[in-house]
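Single-letter residue listing:
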Amino acid sequence: MAIKVGDTLPMDLKLKEMQDGAPKDVTLGEIFKGKRVVLFAVPGAFTPTCSMKHLPGFVGDAAKIRAKGVDDIVCVSVNDVFVMNAWGKASGAEGKVRMLADGNGDFTRSMGLELDASGFGMGRRSQRYGMVVRDGKVEQLHVEPGPGLNVCSAESMLAQL
């Protein structure tokens, strides 16, 4: 069952983030407790829509999003921490968007937002979505209904903050 507005995230679940040159486990509690966070998920790092539109929008609008009372902006993908770190560096995300790896897809499955991209040779991935989370509770959830980037782009999310 997919997560919905009003649900609380599993705060003990872990993602990975590169810190000081090494992979580090980060719990959802560390990310969301006492904060208002915009999280967006993508099917894959370095993929066309994700790299040319989705992540760059959040990097470019980071200051505007934070000005709306957002403490942090988080990008999640079912990729390993090394790929997410490299993608963040290549995209200028440092200091603007936290790049978190859901390498085994545990977070994605717990959200009920897994995507079978086997037909494209990509295996199990995340659907494209954005959410606003306040202190671990989902305030907004915008799942793309199909291909493309409409309801969870940085511009769309910014307009709804």
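Above this text you will find the structure in question.
Residues numbered from 1 in each chain as written. Predicted model: local features only at pLDDT ≥ 70, side-chain atom pairs only at ≥ 80, totals over all residues. Heavy atoms only, no water.

**Quick word on the pattern of salt bridges**
Okay, so step 1: Tallied over the entire structure, the rule returns 12 salt bridges.
Okay, so step 2: Ionic pairing is found between arginine 66 and aspartate 72, a salt bridge with its closest N-O pair at 3.7 Å.
Okay, so step 3: Aspartate 72 sits in the buried class, given a relative accessible area of 11%.
Okay, so step 4: One salt-bridge network, held together by shared partners, links Glu17, Arg66, Asp72 and Arg98. (Salt bridge = Lys/Arg side-chain N within 4 Å of Asp/Glu carboxyl O. Buried < 20%, exposed > 50% of the residue type's maximum accessible area, 1.4 Å probe, protein only.)

**Here we look at helix H4 (residues 81-91)**
Okay, so step 1: Those residues of H4 lying buried are Val81, Met84, Trp87 and Gly88. One face of H4 carries all of its buried residues, which in axial projection span an arc of 125°. Turned more than 90 degrees off the buried face of H4, the exposed positions are Phe82, Lys89 and Ala90.
Okay, so step 2: Turning to H4, the residues buried within the fold contact strand S1 (14-19), strand S2 (22-27), strand S3 (36-42), helix H2 (48-60), strand S4 (72-77) and strand S5 (98-101).
Okay, so step 3: The N-cap of H4, judged by a side-chain oxygen 2.9 Å from the amide nitrogen of phenylalanine 82 a few residues on, is aspartate 80.
Okay, so step 4: Positive phi shows up at glycine 92, right after H4, with a value of about 70°. (Helix = DSSP H or I, 4+ residues; strand = E, 2+ residues; numbered from the N terminus. Arc of directions from axis to C-beta. Contact = heavy atoms within 4.5 Å. Polar contact = N/O pair within 3.5 Å; in protein donor to acceptor, adjacent residues only side chain to side chain.)

**Observations concerning the packing of aromatic side chains**
Okay, so step 1: If you walk through the whole model with that rule in mind, you get 2 aromatic pairs.
Okay, so step 2: A centroid spacing of 4.0 Å and a plane angle of 5° characterise the contact between phenylalanine 40 and phenylalanine 58, whose relative ring orientation is stacked. Pair noted here: phenylalanine 40 is in strand S3 and phenylalanine 58 is in helix H2, with a separation of 18 residues, a long-range link.
Okay, so step 3: Taking relative accessible area as the criterion, phenylalanine 40 reaches 0% and is therefore assigned buried.
Okay, so step 4: Given a relative accessible area of 0%, phenylalanine 58 falls into the buried group.
Okay, so step 5: For the pair phenylalanine 46 and tryptophan 87, a centre-to-centre distance of 6.3 Å together with 50° between the ring planes defines the contact as tilted. A residue pair is termed long-range when its members are at least 10 positions apart, and phenylalanine 46 in the loop between S3 and H2 and tryptophan 87 in helix H4 qualify at 41 residues.
Okay, so step 6: Given the relative accessible area of 1%, tryptophan 87 is considered buried. (Phe/Tyr/Trp six-rings, centres within 6.5 Å; stacked < 30°, edge-to-face > 60°.)

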